[in-house]
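# Working through the structure, step by step
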Amino acid sequence: MQRVPLNFDWTFAETAGRFFTPPSDQETIDLPHDYIINKTRTPDSPGGASTGFFPSGQGTYTKQLDIPGDWQDKTVLLNIDGAYMHSEVSLNVDKLYHHPYGYTAYQVDLTPHLRWSMPNTLQISTQCFLPSTRWYSGGGLYREVSLLIGGQRYIHPWDVFVTTPQVSEDEATVEAAIEITNTRPASADASLHVSVLDPTGRTVAETSCAVRLQPSKSTKSAVELSVATPQLWDLDNPHLYTLHAVLSVGDSELDRSETAFGIRDIAIDAQDGFRLNGRPLKLRGGCIHHDNSLLGACAFPRAEERKIQLLKESGYNAIRSAHNPPSSALLDACDRIGMLVLDETFDMWRTQKRPLDYHLFFEEWWQRDTRAMVLRDRNHPCVYGWSIGNEIPELLGVSNGAYWTQVQADFIRSLDPTRPVTAAANRFTAPVAGQTPIRPDVKKSLQGEHDLGLAQDGKDPWGAQTRAAWESLDIAGYNYLYQRYAMDKKKFPDRIIHGTETHPFFTYESWQATLENNHVIGDFIWTAFDNLGEAGAGRVINDLDEPMDGLVGPYPWLSCWQGDHDLSGDRRPQSYFRQVMWGLEPGVRLFTAHPSRTGQPFYGMGWHWEDIQPDWTFAAEYVGQPVKVQAYADCDAVEFILNGRSLGYAPIERFTAVMEMPYEPGVLSAKAWKDGEPAAHAELHTAGPAAAIRLTPDRSELTADGMDLAFITAELVDAEGIRVFYPPQEIAVQVEGAGTLAGLGSGNPKTKENYGTGRRMTFNGRVLICVRAGRSSGAIHVEAAAAGLPEAAAALRCS
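The rules we used
Residues numbered from 1 in each chain as written. Predicted model: local features only at pLDDT ≥ 70, side-chain atom pairs only at ≥ 80, totals over all residues. Heavy atoms only, no water. Helix = DSSP H or I, 4+ residues; strand = E, 2+ residues; numbered from the N terminus. Rg over C-alpha atoms; globule rule 2.2 N^0.38 Å. Buried < 20%, exposed > 50% of the residue type's maximum accessible area, 1.4 Å probe, protein only. Areas by Shrake-Rupley, 256 points an atom, 1.4 Å probe, with all protein chains shown as cover. Phe/Tyr/Trp six-rings, centres within 6.5 Å; stacked < 30°, edge-to-face > 60°. Lys NZ or Arg CZ within 6 Å of the ring centre and 35° of its normal. Patch = residues over 30% accessible without salt bridge, like charges linked within 9 Å, V, L, I, M, F, W, Y side chains within 5 Å. Salt bridge = Lys/Arg side-chain N within 4 Å of Asp/Glu carboxyl O. Lys, Arg positive; Asp, Glu negative; His and termini not counted. Charge placed at Lys NZ, Arg CZ, Asp CG, Glu CD. Axes fitted to C-alpha atoms, helices over the stretch in contact; angles between N-to-C directions. Parallel < 35°, antiparallel > 145°, perpendicular 65-115°, else oblique. Left-handed = near helix turned anticlockwise from the far one by under 90°. Contact = heavy atoms within 4.5 Å. Nonpolar A, V, L, I, M, F, W, Y, C, P; charged D, E, K, R; others polar. Pairing = 2+ DSSP bridges. Core = buried A, V, L, I, M, F, W, Y, C linked by side-chain atoms within 4.5 Å. Polar contact = N/O pair within 3.5 Å; in protein donor to acceptor, adjacent residues only side chain to side chain. Expected span 1.5 Å × (residues − 1).

Attention now goes to the overall build of the chain. Within the chain one finds nine helices and 45 strands. Relative to the globule expectation of 28 Å for 799 residues, the C-alpha radius of gyration of the chain, 27 Å, shows essentially globular dimensions. Counting only C-alpha atoms, the chain reaches 90 × 65 × 55 Å along its principal axes. Every one of the 799 residues in the chain was classed for burial, and the buried ones make up 59%. Summed over all atoms, the accessible surface of the chain reaches about 30,300 Å², with 48% contributed by carbon and sulfur.

What follows is about the packing of aromatic side chains. The final tally for this structure, using the stated rule, is 43 aromatic pairs. Between Phe346 and Phe362, the aromatic rings sit 5.7 Å apart at their centres with planes inclined by 85 degrees, giving edge-to-face as the arrangement. With Phe346 in the loop between strand E24 (340-344) and helix H3 (362-377) and Phe362 in helix H3, this pair connects stretches of sequence that are 16 residues apart. Taking the relative accessible area as the measure of exposure, Phe362 reaches 0% and is therefore buried. Note on Phe362 and Trp366: the rings are 6.4 Å apart at their centroids and 25 degrees apart in plane angle, and the pair reads as stacked. In this pair, Phe362 and Trp366 are both assigned in helix H3, four residues apart and thus about one turn of the helix distant. Residue Trp366 is classed as buried on the basis of its relative accessible area, which comes to 8%. An aromatic cluster is defined as three or more aromatic residues linked by ring pairs; in this entry it consists of Tyr84, Tyr101, Tyr103, Phe346, Trp349, Tyr358, Phe362, Trp366, Tyr403, Trp404 and Phe411. The aromatic ring of Tyr576 is capped on one face by Arg571, whose charged end is 4.0 Å from the ring centroid.

Here Tyr555 and Pro556 are connected by a cis peptide whose omega angle stands at 15 degrees. Assignment of secondary structure puts Pro556 in the loop between strand E29 (520-525) and helix H9 (573-581). Residue Pro727 is bonded to the preceding Tyr726 through a cis peptide linkage, with omega at -5 degrees. When you line up the elements, Pro727 lands in the loop between strand E39 (709-717) and strand E40 (730-737). With phi around 60 degrees, Asn400 is a residue other than glycine that occupies positive phi space. With respect to the helices and strands, the residue Asn400 is situated in the loop between strand E25 (383-390) and helix H4 (401-415).

What follows is about a negative patch on the surface. Residues Asp634, Asp636, Asp675 and Glu677 make up a contiguous surface patch of negative charge. Secondary-structure assignment places Asp675 in the loop between strand E35 (667-674) and strand E36 (677-685). Among the residues examined, Asp675 registers a relative accessible area of 65% and is labelled exposed.

Attention shifts here to the packing of H4 against helix H6 (residues 461-472). Look at H4 against H6: their axes get within 8 Å of each other, and the N-to-C directions meet at 15 degrees. Considering their axes alone, H4 and H6 lie roughly parallel with respect to each other. Of the two possible hands of crossing, H4 and H6 adopt the one that is right-handed. Residues Ala402, Thr405, Gln406, Ala409 and Arg413 of H4 pack against Ala468, Ala469 and Ser472 of H6. Its residues assigned to classes, the contact of H4 with H6 shows four nonpolar, three polar and one charged.

What follows is about the sheet that holds strand E10 (residues 145-150). If you walk across this open sheet you meet the four strands as E1-E10-E5-E8, and the pairing is antiparallel. The open sheet has two edge strands with one neighbour each: strand E1 (2-5) and strand E8 (106-109). For this sheet the average axis-to-axis angle between neighbouring strands, irrespective of direction, equals 30 degrees. Sheet topology note: the strand E5 (residues 75-80)/E10 ladder contains six bridges and is antiparallel. For Ile80, the partnering residue across the bridge sits in E10 and is Val145.

The next thing to look at is the sheet that holds strand E43 (residues 766-773). Strands belonging to one sheet form pairs held by backbone hydrogen bonds; the direction of such a pair is parallel or antiparallel. Across the sheet, four strands lie side by side as E37-E39-E43-E41; this open sheet has antiparallel pairing. Both edges of this open sheet fall to strand E37 (692-697) and strand E41 (739-745), since each of them pairs with a single strand only. Going across the sheet, the axis of each strand differs from the next one's by a mean of 25 degrees, ignoring polarity. Looking at chain direction, E41 and E43 are connected through six bridges and run antiparallel. By the bridge assignment, Gly745 is partnered in E43 with Leu768.

This next bit is on the nonpolar core. If you look at the biggest cluster of nonpolar residues, it comprises 147 residues, and the most contacted ones within it are Trp10 and Leu78. Examining the composition of this core, we find that seven residues originate from one element, H3, more than from any other.

The residue Arg202 is located in the loop between strand E14 (188-197) and strand E15 (203-213) in this model. Measuring from C-alpha to C-alpha, the distance between Arg202 and Thr242 comes to 9.8 Å, with 40 residues separating the pair along the chain. Setting aside residues up to four positions removed in sequence, Arg202 forms contacts with Val196 and Leu197.

Here the focus is the side chain of Ser568. Here Ser568 lies in the loop between E29 and H9. Among the residues examined, Ser568 registers a relative accessible area of 7% and is labelled buried. A distance of 3.1 Å separates a polar atom in the side chain of Ser568 from the backbone nitrogen of Gly747. Once you skip the residues sitting within four places of it in the chain, Ser568 turns out to touch Arg306, Gly745, Ser746, Gly747 and Leu768.

What follows deals with the packing of helix H8 (residues 507-516) against H9. Running from N to C, H8 and H9 cross one another at 25 degrees; their axes reach a closest spacing of 11 Å. Relative to H9, the element H8 is oriented roughly parallel. Seen along the crossing, H8 lies across H9 with a hand that is right-handed. Facing H8, whose interface residues are Thr507, Tyr508 and Trp511, H9 presents Phe577, Arg578 and Met581. Class assignment for the residues of the contact of H8 with H9 results in four nonpolar, one polar and one charged.

A few words now on the pairing of strand E22 (residues 283-288). Within E22, six of the six residues are buried, leaving the element largely enclosed by the surrounding structure. Residues of E22 alternate between two faces, with Leu283, Gly285 and Cys287 on one and Arg284, Gly286 and Ile288 on the opposite face, all of them buried. Bridge analysis of E22 against E29 gives four bridges, and the strand direction is parallel. Note that in E29 the partner of Gly286 across the bridge is Ile525. Pairing between E22 and strand E23 (residues 318-321): four bridges, direction parallel. Directly across from Cys287, in E23, lies its bridge partner Arg320.

This brings us to helix H1 (residues 301-313). Over its 13 residues, H1 extends 18 Å from the first C-alpha to the last, a length consistent with the 18 Å expected when each residue adds 1.5 Å. Taken together, the buried positions of H1 are occupied by Arg302, Ala303, Glu304, Glu305, Arg306, Lys307, Ile308, Leu310 and Leu311. Two residues or fewer past H1, Gly315 is found with a positive phi of approximately 110 degrees.

Here the focus is the side chain of Asp34. Mapping Asp34 onto the fold places it in the loop between strand E3 (26-29) and strand E4 (57-65). For the buried Asp34, no salt bridge is present, and the opposite-charge side chain at shortest range is Lys39, 9.0 Å distant. Within polar-contact distance, the side chain of Asp34 engages the backbone nitrogen of Ile36 at 2.9 Å. A distance of 2.6 Å separates the side chain of Asp34 from the side chain of Tyr136, its partner in a polar contact. In contact with Asp34, other than residues within four places in its own chain, are Tyr136, Gly138, Gly139, Leu295, Gly296, Ala297 and Cys298.

This brings us to H9. The element H9 is largely enclosed, with a buried count of nine among its nine residues. All of the buried residues along H9 are Pro573, Gln574, Ser575, Tyr576, Phe577, Arg578, Gln579, Val580 and Met581. Among the structural elements, H1, H8, E29, strand E30 (588-592), strand E31 (626-633) and strand E34 (656-662) are those in contact with the buried residues of H9. Just downstream of H9 lies Gly583, where phi reads positive at about 80 degrees.

Just geometry here; none of it tells us what the structure is for.
And the structure:
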């Protein structure tokens, strides 16, 4: 089928509490669109901290469709990659479809309802009612929308399944199962020509077969092809092939399809762990939610690509789509970049986590939504496994959980028998309102028998409760249970485990446990990228008198503050530590804590990290005061040097060297030593007052397709070009020419600022600007201004 984008020139209206919206309250927008992100956040939001204190909303999208006359004998499907939530589709006032879930793709057959003599009015309404989610969801048509156009006999994109059951360096077997839909009441004798194109577009295999199309139903067909000396899909060289299928009757072509796929082999067992194309691999994984910070939930292809690029650069080789199927654009990016994906359906089954969440629809809709995820995503080589849920209470043996685990796993296997099925269960102690705050040293001591699910008499209730569920699944997903890895290897020798969520604060312990156990295939940090909502869960408290009531923080916390990357994508200190720990960073990374915190304890909920920065600029009052300095390196010791004077050597313990030293403006250096030789060097320079704004675009050339993006870092610098972390300053941004300002934000996890204002306070000296390309060629001019500083400008080109 031919895909026709339908992303531009929609009319949108907020419709909460309205029967009729006057034209003055309507606006013309382009997709993807999130009507929640620019709303005012308030402490009394019905979603609370879970959704970042954003409000609820309801909106309706309307578009006029002028259908070409030559489509009259075609099949026309509306394709929506995701809409949050309770989306309803109407055409010419007739309601055609209702879709409760906010994260699965779906199609609506418009064919019998189209008018050919006049324009058609397409209307899609969505509702974001809260509390319906445990994180920021956004609202509206936040993913792409398109039309799928085929003949009366057509090949639906989801009805092509490509597998590579035999893979070697010399030859690969490619099998393609293709289902053809015949909407006509008559049978037909057709031919199906299938070819495989290599990454350069060269045909490397082809075959044909005859197909007897059954009347008014689908007909299945299967072909096998052989590819000589295949270029394998792997993490370093993610080669992509294309399967091209052409359906014909006689000399008339009826339909065609193109399906991207990768030739690769994945094997997993409890003895040898995870192997990709025969190579042993530990998954350096990270969990991510679906939002794109300053863009809200909008799944622009470039925003999804940038996120995966940043994670790949910081050492990740796998992500978990927590806790819902991701956008098609994100999976496309993972295919191209080389990032493995654990694709997940649900955050709840029949038991509610929030009053208005998916538990209300699970029994009626789980099969349709699971089918949508698997059929849409099963050709992506990046997807290595399917997860049927996160921290599901039913996995603990309640509410007929063993049955629901089995039927979901079996249903997925019926759609894709080539990938393992998993789910994630947890058992950990966390403080609640009114309990004593838990400091890191106390939290660490609590990682004992109670957290393992062990009773005082030595029995293992957690192991007994979850046993039936794990026996139905191919991999057991352990959330925050790395202490069970070795124990469960003895208890359940054939069980394969991956740490589907682990605490950042205990990343060393969980990673060592992963390395020491072959049956544990990987470790997924919560989280790899900061997300809106779950606000303040990763907060750090430096004052023992400050209460830490509950998992999340109070208003104005905005984001979870758990990610290796902040909301702007900037890497936080734990990201550099993890890269060293993974053996991917040969250098040394240098950080300091503010001198006002010297000698103070810090604590959090396990999702936190010490509040440190790569900064050596403090107020004059701190000159001579002690400062705690940390360096991350895979070496023997670190020598700290201040203004050319060696202050001594600190040993490396758990990849970290620590020293306290008196603050003195100038240059602080760290020299890492290994085997008696200097191995790496890092420096921090004291900055002067902010003298300019430095604009750094991630790209200067954009495609004039109305969808491309450029991300520009606006940074305060002194006269020498050194980044100025403090004090924060407000930056105002304007965009003119062949592009528009799509978003402006910062990495700040705790702020009262709203998005959509064109103004933002710097956080650690920076804000992030996002520019959206127009649909016409031309220059784009970006200006950033702050009080007392010269205006800064960046020139982009749209073509």
